[in-house]
Amino acid sequence: MSENAWTRWPSREALQQLGVSRPRRVLGWVSRIVALGVLIATTFTKAGLNGWEIAAGIAGIMVCVFLLWAFWRTTLEHRLLPSLGLLTLLLAIATVGHGVGFRVPALVLWCGCAVSAIERLPLAAALPVTSVALSAYAAVNDDVWLTTAATTAGLALAGYVLRLDAEARGSAQRLLAQERAARAAEAESAALAERTRIAREIHDVLAHSLSAQLVHLEAARLLIERGADRDAILERVVAARGMAREGLAETRQALSALRGEMSPLEDFLSELVATADGADVTVTGERQQLSAETSQAVRRVAQEALTNVRKHARGAKVHMHLDYGESEVTLGVRDSGGPPGDLSGSGAGYGLLGMRERAELLGGSLEAGPEEEGFVVTLRVPV
């Protein structure tokens, strides 16, 4: 046995007897009360005791009960010297009690001290106390030596078994507490991840909506600077208002998608290209049920790509291609290109960067760049 095992206290969970069932606790208290009653009856029914001796016996029992309670508290606080001092007082009381004629209480007290020391103290401190207590019991016991030896060995073994049982329950309680803490941390992490996902969805929706509004408002500003007619300017303002309404609607859609209330991805893309002149979509591969995060990523990339076409190549033809592969879904958005528009410098350029971060969080990738004709955005996300 290692040195640490000799000097280590039983855990506080073990000393508090946590995890003991209610019936077992009730049975334990009933057993103690019955044993105490039998002890008192045995002690004070023998002949020859006068009133003062009975009073002294009762007082001694009360003192022992108090000292045992104090011993329980000091061991619970892992205070070695006070615990040893209390056991020494109990052993001394047992010796004095045996000397004045209280033989049975003295034997019970020696045995109780021996078992309690092994159960509640570090083994290095418990063994000397147990040895003294059992030696005193063996010295005054009237049974044959074999019975006495068996009794002392049984008491020592009982104390150690009680110690092991308490340690097992204490370990179970610590594991239970750790499991509860892990579950609480997991729930907190899940809630944080959910809040982060909602914040990302709302951010992406608003970024797309505000970027589209900026396109029309910037166009309205340029028309005003050039002295364009009122109808042309009003058209841009009305379009910006429409984008604001679409942004609110998309925000509601994003929240519905997070709750699992999501329209089919193919229908969404068809509706999206229907609002853009010169845009079309094709879908290939066997349809698959995508997670909410994957479906939202495809939707946001499609919206962002169309917004960029309106900003940088207005009037260009746009073709979307959604392909369901065996292990990933791919969205390609290709435009036919054209001369840069007046609004090509508007916006901060964070849209595609946010889409790339979203794709990487899902274990996918997003590639965007010019080709011989136009601009191509390709999203690949595992399914």
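To keep things clear, this report deals only with the structure shown in the data block. (Residues numbered from 1 in each chain as written. Predicted model: local features only at pLDDT ≥ 70, side-chain atom pairs only at ≥ 80, totals over all residues. Heavy atoms only, no water.)

1. Focus: the overall build of the protein
Within the protein, the secondary structure is distributed over twelve helices and five strands. Across the 383 residues that make up the protein, the buried fraction comes to 37%. Of all intrachain contacts in the protein linking residues separated by at least 6 positions in sequence, the fraction that spans at least 24 positions is 71%. (Helix = DSSP H or I, 4+ residues; strand = E, 2+ residues; numbered from the N terminus. Buried < 20%, exposed > 50% of the residue type's maximum accessible area, 1.4 Å probe, protein only. Contact = heavy atoms within 4.5 Å.)

2. Topic: the sheet that holds strand S2 (residues 318-324)
One key point about sheets: their strands pair by backbone hydrogen bonds, in either a parallel or an antiparallel sense. An order of S1-S2-S3-S5-S4 is seen for the five strands of this open sheet, with the pairing classed as mixed. In this open sheet, the two strands that pair with only one neighbour each are strand S1 (279-285) and strand S4 (365-370). Between one strand and the next, the sheet's axes are offset by a mean angle of 10°, whatever the strand orientation. Across seven bridges, the pairing between S2 and strand S3 (residues 328-335) is antiparallel. Its bridge partner lying in S3, aspartate 323 is registered against threonine 330. Sheet contacts for helix H10 (residues 265-274): S1, S2 and S3; angle to S2, the most-contacted strand, approximately 175°. (Pairing = 2+ DSSP bridges. Axes fitted to C-alpha atoms, helices over the stretch in contact; angles between N-to-C directions.)

3. A few points about the packing of aromatic side chains
Evaluated as defined, the whole model comprises one aromatic pair. The residue whose ring lies beneath arginine 299 is phenylalanine 268, and the NZ or CZ to ring-centre distance is 5.0 Å. (Phe/Tyr/Trp six-rings, centres within 6.5 Å; stacked < 30°, edge-to-face > 60°. Lys NZ or Arg CZ within 6 Å of the ring centre and 35° of its normal.)

4. What to know about the layout of surface pockets
Empty space within the second largest pocket amounts to approximately 600 Å³. Contributions of two or more residues to the lining of the second largest pocket are made by helix H8 (145-225), helix H9 (230-258), H10 and helix H11 (292-312). Each residue belonging to the lining of the second largest pocket can be placed in one class, and the counts come to nine nonpolar, seven polar and six charged. (1 Å grid on protein atoms, 1.4 Å probe; cavity = no way out; pocket = protein on both sides within 12 Å on 5 of 7 lines; lining within 4 Å. Points joined across faces, edges and corners; volume = space filled by probe spheres on them. Nonpolar A, V, L, I, M, F, W, Y, C, P; charged D, E, K, R; others polar.)

5. Structural notes on helix H6 (residues 103-120)
For H6, with 18 residues, the first-to-last C-alpha span of 26 Å sits near the 26 Å given by 1.5 Å per residue. Extensive coverage of H6 is indicated by the burial of 14 of its 18 residues. (Expected span 1.5 Å × (residues − 1).)

Fair warning: the whole summary comes from geometry, so function is off the table for now.
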